Amino acid sequence: MYLDYLGAGTYDVEIDSHEQGKLKGLARNEGDAVSFADNELKVKGTISFEDTGAVLTVDESEWEEMAAGTVLEFPEKYEYPEQFSYSDISGLEFWFGSGAGAWRTVLYIHEDGTFEGEYLDSDMGSKEQYVCDFTGKFTEPVKVNEYTWSVKMAEFHYAKEPGTTEVRDGWTWHYEEPYGLNDAEELLFYLTGAPVSELPGKFTEWARGNGSALLPFYGLYNVNGRQGFSSHVKPD
């Protein structure tokens, strides 16, 4: 079973059942379960994640090769890469925010370790905006264990000085520090497939893993702030 986390609780899924053939479709997190649908073969099911791997239970099927009630087990044994570089994550955005999307900090990291991002919040129904545009650079990653790499904040620059305000076109712009990178000194990158049970509780509170025993995306954890970012494919 191959799962590619697309963001917003959605996976691109390819399932090779060997004897029956391949299923391809999308899976979506729905509370405690992850629902799967192959619309071409008309197969629907539920995916659960255990410590030993993933399990697909087929709930509905119009495909003659696979009956409803079929249970398929797929061991998930990750072989973590020996090296980690910023080129591995340069096509992703790292997102930290409220579940409802009322506020967010988004971070984009380049192959040389430089980054830029923005923080955005607002008061509902008002013309008050709280923002921060920033740039910076991380040090070279240092391996902590097979699924964790540590970096330091080498540079950090604000486009506008935090604590200042200006009025433009009837809107009041309050320039803030970016929530999620508060007092950031050491940051930890967690590789896809990291065991969720061994990660800091504060990280998993923020960067929810959709019930998976293994992290379905790259994670970023601000050690001082105890704040966690999840990664998603950059939008077009």
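This one's a predicted model, so the numbers in the text were calculated from it and none came from an experiment. (Residues numbered from 1 in each chain as written. Predicted model: local features only at pLDDT ≥ 70, side-chain atom pairs only at ≥ 80, totals over all residues. Heavy atoms only, no water.)

A. Here's a closer look at the pairing of strand 9 (residues 104-109). For strand 8 (residues 92-97) and strand 9, the ladder comprises five bridges, and the chain directions are antiparallel. The residue bridging Gly-97 from the neighbouring strand is Arg-104, located in strand 9. Here strand 9 pairs with strand 10 (residues 114-122) via six bridges, running antiparallel. From the neighbouring strand, Arg-104 faces strand 10, where its bridge partner is Leu-120. (Pairing = 2+ DSSP bridges. Helix = DSSP H or I, 4+ residues; strand = E, 2+ residues; numbered from the N terminus.)

B. Molecular detail of unusual backbone geometry. With a phi close to 55 degrees, Asp-169 is a non-glycine residue in the positive phi region. The residue Asp-169 is located in the loop between strand 14 (165-168) and strand 15 (171-175) in this model. Look at Asp-183: it is not a glycine, yet its phi comes out positive at around 50 degrees. Take Asp-183: it is sitting in the loop between strand 15 and strand 16 (186-190). Residue classification places Asp-183 among the exposed residues on the basis of a relative accessible area of 62%. (Buried < 20%, exposed > 50% of the residue type's maximum accessible area, 1.4 Å probe, protein only.)

C. The side chain of Gln-129, seen in detail. Relative to the helices and strands, Gln-129 resides in strand 11 (residues 128-138). Exposure remark for Gln-129: the relative accessible area of 14% places this residue in the buried category. Excluding its chain neighbours within four sequence positions, the residues that come into contact with Gln-129 are Leu-120, Asp-121, Ser-122, Trp-171, Thr-172, Trp-173 and His-174. (Contact = heavy atoms within 4.5 Å.)

Function cannot be inferred from these measures alone, as they are strictly geometric.
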